[in-house]
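The primary structure of each chain is shown beneath.
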Amino acid sequence: MLFHIHCVDKPGHAGVRTDNRSAHLGYIGALQDRIVAAGPTLTEDGAAMTGSVFLIDFEDRAAAEAFCAGDPYNKSGLFETVTVSRWRQVIPKE
């Protein structure tokens, strides 16, 4: 089942994001076959990252939440909030 995961960075934590980026990319790279889309949210001018968004296929909510808990960004305290929601793809049609 598909999940939308929206993570919002804590203000002033750009260094935490930078320090953990390689570990984060390695962590999500292991799930590339399950990812519909993933990437950072940005400031209006596109100059800085403010969070992360994932559209990703997991067996159930527990697996989605375990993914969030294991993300190096989350483990390092980068995120102010993490929201996990079920999601249905309508366009483009699968």
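Presented here is an overview of the structure given in this document. (Residues numbered from 1 in each chain as written. Predicted model: local features only at pLDDT ≥ 70, side-chain atom pairs only at ≥ 80, totals over all residues. Heavy atoms only, no water.)

### Overview of the pattern of salt bridges
Oppositely charged side chains are able to pair whenever their charged atoms sit close together. Summed over all chains, the structure comprises 3 salt bridges. A salt bridge links R17 to D9, with the nearest nitrogen and oxygen atoms 2.8 Å apart. A single burial state applies to R17 and to D9, both of which are buried. A salt bridge links R34 to E59; the shortest N-O distance between them is 2.4 Å. Taken together, the residues R34 in the loop between α1 (14–29) and β2 (35–42) and E59 in the loop between β3 (49–57) and α2 (61–70) connect sequence positions 25 residues apart. (Salt bridge = Lys/Arg side-chain N within 4 Å of Asp/Glu carboxyl O. Buried < 20%, exposed > 50% of the residue type's maximum accessible area, 1.4 Å probe, protein only. Helix = DSSP H or I, 4+ residues; strand = E, 2+ residues; numbered from the N terminus.)

### Considerations on the state of the cysteines
Tallied over the full model, the rule gives 0 disulfides. Counting only cysteine sulfurs, C68 is the nearest neighbor of C7, a cysteine outside any disulfide, at a range of 5.5 Å. Its relative accessible area of 2% is what places C7 among the buried residues. Look at C68 and you get buried, because its relative accessible area is 8%. (Disulfide = S-S within 2.5 Å.)

### Considerations on the packing of aromatic side chains
Scanning all chains against the criterion turns up 4 aromatic pairs. Measuring from ring centre to ring centre gives 5.4 Å for Y27 and F67, while their planes differ by 20 degrees; the resulting arrangement is stacked. Note that Y27 is positioned in helix α1 and F67 in helix α2, a separation of 40 residues in sequence. What makes F67 buried here is its relative accessible area of 4%. (Phe/Tyr/Trp six-rings, centres within 6.5 Å; stacked < 30°, edge-to-face > 60°.)

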